[in-house]
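# Descriptive structure summary
Residues per chain, in single letters:
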Amino acid sequence: MEINGLLMDEKDNVVTCVAKVPAGEQVIYRKGEEVCTLTAEEEIPYCHKIALTDLALGEEVIKYGELIGKTREPVKKGRWVSHNNIYSVPRDYESEMVTV
Amino acid sequence: MQFWGYKRKEGRAGIRNHVLILPACACGSESARIVASQVRGAVNIVFNTGCSDVADNTAMSQKILTGFACNPNVYGVVIIGLGCETVPHMELRKKIRSMTSKPVVSFGIQDEGGTLKTIEKAVRAARDMAAEAAMQQKELCDISELLLGIECGGSDATSGIASNPAVGELSDLLIDLGASTVMSESIEWIGGEHVLAKRAATPEIHNQIIQVCKNYEDHLKAAGQDCRAGQPTPGNKAGGLSTLDEKSLGCIRKGGTRPIVEVVEQAERPAKSGAIVMDTAGYDISSVTSMVAGGCNAVIFTTGRGTPTGNAIVPVLKVTANALTFEKMEDNMDVDLSGIVKGTKTFQEGGRELLTVIGDICNGKMTKAEAYGFSDIAVDHVCRFV
């Protein structure tokens, strides 16, 4: 089965589609050795992300195992995650400093 | 690993041997263009500043101009000023001569009596310099003479997934061979700075990396601006990069995994060898400008959406992992890494492939942007680019 999605880290709750996925079609991606599938509830453009789970309002969106933003509105599983429904959270630089 | 390059009395070897026609201010740019077009072996840059500026902008312009002149790919320099620029061409010439022993001459359009008289003198000087440059033989140089600038621009989701990890692998391979690399675009560390800082060789460098990001945000805030308003760019968003954080986490992968040994300001020459990071804008043309001024003798550039950009002094090698972009913009793309996205190639294999290509570029093979003679430049200013 040919994959059309990439999960960058097992902690991620989005998958990046490496082909355009029409509504109703399957996104196929690998999670370790396992091949997983998910139905696209709307068209996901090339290079864009699909939600792996239901995301509540203000929920953290994780890619590369790291926070990439929070949702502006609830995003259902299988929906398109983009700049239209997530936003960047300001950093807390002071907490990232280490003792010299 | 070795390459055939041009040894210099100071610093690293050149992989090109250009005569640089350098305007001291915007008013010298057109004459510089005409002079370079008359002399084979000469290149020019178009400079849009150098006058009517605040002190910090003047300081940045001077750093770029002197840095370009000292770049190892430059054999000699012909400066063209107007005469009333903020830093007169004679002073710029003096400053460059204090930094390098390469030949440097300068002319002022007002003193010479207008454009044509200046061009005549400058063409003669450039012609003689190019004739001398042509006599310089290439010598075998160790790869440690390479300072590779690492850039990304017109990014989409394939950049962070495939082309940036491949270039990161290239950076690791080069550093293990003794070469040095510079990763810039500090605004595109924001959101991934905590990940990047883990590569710091010392706790001081860890904190410097965090501080650079904090300063960038504070600096723009002080001017009433928000970095997240310009980043990601509309092109990035269309390419599936939804937030600055997502873009950054993909961007920083192009720097590889080796310990970061130094953090330098933009256009500053690194003192150390190894993996270096530079505080520059994410605006690719400005970032490349700063890395070339900082002494990089080659630049590798990953892109998702495709870009034609090139630099007059340094070859810019364009790589993409977006199959559609490689197909559509074959005229501007040098290397196709789309196999990584398709799963037919690992990013490590991509990195090894790039090492061979970089070897060829060092030995003289022209990149596409170089063959077209592209000469993009953007000088960062007080209200920084993002």
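As the structure is a computational prediction, the values presented were derived from the model and not from experiment. (Residues numbered from 1 in each chain as written. Chains lettered and ligands numbered in written order. Predicted model: local features only at pLDDT ≥ 70, side-chain atom pairs only at ≥ 80, totals over all residues. Heavy atoms only, no water.)

When helices and strands are tallied, chain A shows zero helices and nine strands. Each principal axis of the C-alpha atoms in chain A carries an extent, and together these give about 50 × 30 × 20 Å. Residues counted as buried form 46% of the 100 residues belonging to chain A. The long-range fraction of contacts in chain A, counting pairs at least 24 apart against all pairs at least 6 apart in sequence, stands at 43%. Element-wise, carbon and sulfur atoms account for 46% of the exposed surface of chain A, whose accessible area totals about 5200 Å². Here chain A carries 12 positive and 18 negative side-chain charges, and the mean point of each set is 3 Å from the other. (Helix = DSSP H or I, 4+ residues; strand = E, 2+ residues; numbered from the N terminus. Buried < 20%, exposed > 50% of the residue type's maximum accessible area, 1.4 Å probe, protein only. Contact = heavy atoms within 4.5 Å. Areas by Shrake-Rupley, 256 points an atom, 1.4 Å probe, with all protein chains shown as cover. Lys, Arg positive; Asp, Glu negative; His and termini not counted. Charge placed at Lys NZ, Arg CZ, Asp CG, Glu CD.)

With that settled, consider the overall build of chain B. The helix and strand tally for chain B stands at 16 helices and 13 strands. Its C-alpha radius of gyration of 20 Å places chain B within 12% of the 21 Å reference for a compact globule of 386 residues. Reported as C-alpha extents along the three principal axes, the dimensions of chain B are approximately 60 × 50 × 40 Å. Burial analysis of chain B (386 residues in total) assigns 62% to the buried set. In chain B, 39 positive and 44 negative side-chain charges are present, and the distance between their average locations comes to 3 Å. (Rg over C-alpha atoms; globule rule 2.2 N^0.38 Å.)

The next point concerns the nonpolar core. All names here are of chain B. Ranked by internal contacts, the top residues of the largest apolar core, which has 36 residues, are Leu146, Leu148, Ile300 and Leu354. Going through the elements one at a time, strand E7 (147–152), helix H6 (157–176), strand E11 (298–303), strand E12 (316–320), helix H14 (338–342) and helix H15 (347–362) are the ones with two or more residues in this core. Broken down by element, this core gets its largest block of residues, seven residues, from H6. Among all residues touching Ile300, those that are not within four sequence positions of it are Leu148, Gly149, Ile150, Glu151, Val167, Leu170, Leu317, Val319, Leu354 and Ile358. Within the second largest apolar cluster, 29 residues are counted, among which are Met60, Leu65, Leu92 and Ile96. (Core = buried A, V, L, I, M, F, W, Y, C linked by side-chain atoms within 4.5 Å.)

As summarised here, the arrangement of the three strands in space is E6-E7-E9 (chain A), forming an open sheet in which the pairing is antiparallel. The open sheet is flanked by strand E6 (60–63) and strand E9 (86–87) of chain A, the only strands paired with a single partner. Two elements, E6(A) and strand E7 (residues 66–71) of chain A, share four bridges in a ladder whose sense is antiparallel. Note that in E7(A) the partner of Val61(A) across the bridge is Gly69(A). Its contacts with the sheet put helix H11 (residues 244–251) of chain B on E6 and E7 of chain A, and the angle it makes with E7(A) is roughly 165°. (Pairing = 2+ DSSP bridges. Axes fitted to C-alpha atoms, helices over the stretch in contact; angles between N-to-C directions.)

Residue and element names in this part refer to chain A. As summarised here, the arrangement of the four strands in space is E1-E2-E5-E8, forming an open sheet in which the pairing is antiparallel. Across the chains shown, the open sheet's two edge strands, defined by having one partner strand only, are strand E1 (5–6) and strand E8 (80–81). Direction of pairing for strand E5 (residues 49–51) relative to E8: antiparallel, over a ladder of two bridges. Bridging across to E8, Ile50 finds its partner in Trp80.

Here we take up the interface of chain A and chain B. Across the contact, 29 residues belong to chain A and 35 residues belong to chain B. Summed over the shared surface of chain A and chain B, the result is four salt bridges. In this structure, the salt-bridge partner of Lys63(A) is Glu246(B), at a minimum N-O distance of 2.8 Å. Of all the elements in the fold, those that place two or more residues in the side of chain A that touches chain B are E7 and E9 of chain A. It is E7(A) that provides the largest number of residues to the side of chain A that touches chain B, a total of three residues. Each residue belonging to the side of chain A that touches chain B can be placed in one class, and the counts come to 17 nonpolar, six polar and six charged. (Salt bridge = Lys/Arg side-chain N within 4 Å of Asp/Glu carboxyl O. Nonpolar A, V, L, I, M, F, W, Y, C, P; charged D, E, K, R; others polar.)

Here we take up the environment of Thr49(B). Residues and elements named next belong to chain B. Relative to the helices and strands, Thr49 resides in the loop between strand E3 (42–44) and helix H2 (55–70). Put simply, Thr49 and Met99 are 50 residues apart on the chain and 22 Å apart in space, counted from C-alpha to C-alpha. Residue contacts for Thr49: discarding those within four places in its chain leaves Cys25, Ala26, Ser61 and Val379. There is a polar contact of 2.9 Å between the side chain of Thr49 and the side chain of Asp53. (Polar contact = N/O pair within 3.5 Å; in protein donor to acceptor, adjacent residues only side chain to side chain.)

This part is about the packing of H6(B) against H15(B). Residue and element names in this part refer to chain B. Where H6 contacts H15, the two axes come as close as 7 Å, and the packing angle between them is 60°. Considered as vectors, H6 and H15 are oriented oblique to each other. Handedness of the crossing formed by H6 with H15: right-handed. Along the contact surface, H6 presents Ala162, Pro165, Ala166, Val167, Glu169, Leu170, Leu173 and Leu174, while H15 presents Phe347, Gln348, Gly350, Gly351, Arg352, Leu354, Leu355 and Ile358. Classifying every residue of the contact of H6 with H15 gives 11 nonpolar, three polar and two charged. (Parallel < 35°, antiparallel > 145°, perpendicular 65-115°, else oblique. Left-handed = near helix turned anticlockwise from the far one by under 90°.)

As a further point, take unusual backbone geometry. Residue and element names in this part refer to chain B. Look at the link from Gln231 to Pro232: it is a cis peptide, with omega at -5°. Its place among the elements puts Pro232 in the loop between helix H9 (227–230) and helix H10 (234–238). The phi dihedral of Glu185 falls on the positive side, at around 60°, and the residue is not glycine. In this fold, Glu185 is placed in the loop between strand E8 (180–183) and helix H7 (193–196).

All names here are of chain B. Annotation of chain B at the domain level lists domain 1 (18–135) and domain 2 (143–371). A straight line from the C-alpha centre of domain 1 to that of domain 2 covers 29 Å. Opposite the 15 residues of domain 1 that make contact, domain 2 presents 16 residues. Summed over both partners, the interface of domain 1 with domain 2 comes to about 1200 Å²; 60% of that surface belongs to carbon and sulfur atoms. The residue Glu265 makes a salt bridge to Lys63 at a minimum N-O spacing of 3.3 Å. Connecting domain 1 to domain 2 are six residue pairs in polar contact (both at pLDDT 80 or more). (Domains from an automatic or database assignment. Buried area = accessible area lost by both parts, 1.4 Å probe.)

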